[in-house]
Amino acid sequence: MGKIILDIKNLKTYYFIPGGIVKAVDGISFKIKEGEALGIIGESGSGKSTVGWSIIGLLSHPGKIVEGEIFIEDQNILKLDSEEMREIRGKKISMITQSSMNSLNPLMKIDYQIMETILVNENISKSVAIKRTENILENVGLEPSSFKKYPHELSGGMKQRAIIAMALVCRPKLIIADEPTTALDVIVKAQILKLLDDLMDGLESSSIIFISHDLSTIVEICDNIIIMYGGKMMEFATTSKIIKNPLHPYTKGLLKSYPHIEKEEISLESIPGSPPNMVNLPKGCVFSPRCIYSKNICFKEPAKMTDVGDNHLVVCHLIQEREVLYDKR
Amino acid sequence: MSEIIKEFLKRFKIAKKSSKSMFITGILLFLFILFLYFFNYLYGYDPLEITNELFSPPDLIHIMGTDQLGRDIFSRMCYGIRSSLTIAFIATFISLIIGSPIGAISGYFSGKIDRVFSIIFDALCAFPGIILAILISVMIGPGLITTSIAISVEYIPQYFRIVRGLTLSLKERPFIEALKALGSRPKNIIFNHILIYAIPSIIALMMLNMGSAILAVSGLGFLGLGLPPPIPEWGTDLGRGRDFITIGVWWTSTFPGLMIVMSIVAFTLIGEGLKEILGNKIIGIKD
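Each chain has its residues counted from 1, following the order in which its sequence is written. Chains and ligands are labelled by the order in which they are written, letters from A for the one and numbers from 1 for the other. The predicted origin of the model limits local features to residues at a pLDDT of at least 70 and limits the giving and counting of side-chain atom pairs to 80 or more, whereas totals for whole chains, interfaces and linings rest on all residues. Water and hydrogen atoms were dropped before computing side-chain values, which therefore reflect all heavy atoms in the structure.

K.L.:
In this structure, what is going on with helix α7 (residues 174-181) of chain B? I would like to understand it.
P.N.:
Helical periodicity: at 3.6 residues per turn, an α-helix aligns residues three or four positions apart in one direction. Residues and elements named next belong to chain B. The buried count for α7 comes to 6 of 8 residues, which makes it a mostly enclosed element. When α7 is considered as a whole, its buried residues turn out to be Pro174, Phe175, Ile176, Ala178, Leu179 and Ala181. Only DSSP runs of H or I reaching four residues or more are called helices, and only runs of E reaching two or more are called strands; each is numbered from the N terminus. With its phi angle positive at about 90 degrees, Gly183 sits one or two positions after the end of α7. A 1.4 Å probe rolled over the protein chains alone gives each residue an accessible area, and that area as a share of the maximum for its type sets the label: buried under 20%, exposed over 50%, partly exposed in between.

Written out as structure tokens, the structure is:
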């Protein structure tokens, strides 16, 4: 595969709130190559959306990037001023935001909004922009009759299609899709995911970061998956490795909590406990209070990242003794 | 456009009975004023023509009688509509043009800019409007534009506050966040996306302000700070005519006063009705 589009090195994004410091993202590093699709999985509050907002440079008020570097095509975007950053947004990075059902201006027709996005980012004439708008709206599967409609006249799935069109229309190098399928029913969800997958095949040099709390939605699209917990990376591997050979106890727990279409599983297992208090994180490994395998060392020292081979990274103390431990259960 | 009108009519039908009748009354009064405006052409008296018939009481020849210089009062009233409406409209328009964008910018960027503008406009609010208008019109002299400017200053904070409040709530909405994420300039977000939200509120407020602006125009005229004579103007005529009430000439001041009251009532009723019909929500949105 081609060159590296996004390179994040030891990113730390904290929210400074009156009660303390929320370490929403605490030392995350990863790379994305051209055309790659990366999934970030985590529970609510694990900092996965914050990663997205950090990359696009639109952290909301108390949030701040305290450490780390973000390179987009060899350009450290944390060193850019706000105007240069705005130039990059839309053209190089774009985002499909979380509450995407409300991401269209209810007072404007959708084709106008998409045309505006083109005109804001590119220096082309209006007639060309209109043509491109029609083109992309057709590509995302909207009927020509609905181009000139207001958002409230469209169904949720159609709105989502329009938003995807808006995010892709300037052919960005990197697309951050922050839970793009929330609030959609299962069938529409599947259609939207399929559409995104097809569109990404069309944009060969573009990469996508897919942020979700639902492992099952992204396994088909993503090449690699990052499992996040408590602001930290727990496991990184290719999708097939995560599914077939999860090494981190948390990943194992996550996988057990999904129904499997072929196995006749009687009941689903959940992970005991609740996500950590982000102001007051556990001293050792963040997952240790909920981990069924945890030993003394887990509560005392933060775990280190281990490469078990083939770029499969796991952050766990017990990675060496995993076979013994996991067999016991 | 047609959808907006359709939605408006729908809301008008739903609007409470009282506000509906208020709105209709306002419209009728306004139409009557407009009718007078054009009726003047049929009536055929020159409002500036000085004749020998001083203080002729209202009769069939001079519907509202004549004033101290023998000028036809009805004709002057009809021409007075022009000055009052024009000045009131220009004044509200100026305050709208200045107040709304500053409100949107201040709300959008918040922080220091917001602090500074808020303090300025709060201070402006603390001043009684008519005193401010007198002060400014004394400073820059009488005339159509200058009077408009003097009056407009009073209304700027109102537009500022309404638009700022709206912007503060709007900028947290996901679609503004999405616009930012797709590289929109703040200029584009403010002028294309936020300000159109404020239009219904601005229209309702504008109608209400038109009424009080007419009062302010007349007030300035009454004090001799409005349009320079002999331009027909309700307030000026009211002020001049007041002197002759004691000698039994009531028509020189009554009719200008009546016209002022009528137009203020018209605009206030329309404004209140619009406020009810447009509500806090914006035409064309089901959110």
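Right, picking up where we left off after that structure.
K.L.:
Which parts of the structure should I look at to understand the packing of helix α3 (residues 73-109) of chain B against helix α4 (residues 111-126) of chain B?
P.N.:
The geometry of a pair of packed helices is captured by two quantities: the angle between their axes and the separation between those axes. Residues and elements named next belong to chain B. Between α3 and α4, whose axes approach to 7 Å, the crossing angle comes to 140 degrees. Put simply, α3 runs oblique to α4. Considering how the two elements wind past one another, α3 and α4 form a crossing that is left-handed. Contact residues: α3 offers Ile102, Ser106 and Phe109, while α4 offers Gly111, Ile113, Asp114, Phe117 and Phe121. Here an axis means a line fitted to C-alpha atoms, over the contact stretch when the element is a helix, while the angle between two N-to-C directions is reported on a 0 to 180 degree scale. Throughout this description, any angle smaller than 35 degrees is read as roughly parallel, any larger than 145 degrees as roughly antiparallel, any in the 65 to 115 degree range as roughly perpendicular, and the remainder as oblique. In a left-handed crossing the near helix is turned counterclockwise from the far helix by less than a right angle, and in a right-handed crossing that turn is clockwise. In what follows, a contact means two residues having at least one pair of non-hydrogen atoms within 4.5 Å.

K.L.:
Whenever I open this one, the confidence of the model for chain B confuses me. Can you help?
P.N.:
Do not read the fine detail of predicted coordinates wherever pLDDT is low. Residue and element names in this part refer to chain B. pLDDT is defined as a per-residue confidence score from the predictor, taking values between 0 and 100. Per-chain confidence: chain B averages 85 in pLDDT, with 97% of residues scoring 70 or above. No element of chain B has a lower mean pLDDT than helix α1 (residues 2-14), at 78, and none a higher one than α4, at 92. In the predicted structure, residues 282-287 sits below a pLDDT of 50 and forms 20 contacts with residues beyond four places in sequence or in another chain. Reported confidence for the predicted complex is 0.79 by ipTM and 0.80 by pTM.

K.L.:
Can you walk me through the interface of chain A and chain B in this structure?
P.N.:
One frequent convention defines the size of an interface as the accessible area lost when the parts assemble. In this assembly, 27 residues from chain A lie in contact with 25 residues from chain B. Any carboxyl oxygen of Asp or Glu within 4 Å of a side-chain nitrogen of Lys or Arg constitutes a salt bridge here. Where chain A meets chain B, there are 0 salt bridges. Polar contacts, as used here, are pairs of N or O atoms within 3.5 Å; protein pairs need one atom able to donate a hydrogen and one able to accept it. Residues neighboring in sequence count only if both atoms are side-chain atoms. At the junction of chain A with chain B, the criterion picks out 7 residue pairs in polar contact (both at pLDDT 80 or more). Those elements giving two or more residues to the side of chain A that touches chain B turn out to be α1 (48-56), β6 (93-96), α3 (110-121) and α5 (156-168) of chain A. The element contributing the most residues to the side of chain A that touches chain B is α3(A), with 5 residues. Residue polarity follows a fixed list, in which Ala, Val, Leu, Ile, Met, Phe, Trp, Tyr, Cys and Pro are nonpolar, Asp, Glu, Lys and Arg are charged, and the others, Gly among them, are polar. Here the residues of the side of chain A that touches chain B sort into 14 nonpolar, 10 polar and 3 charged.

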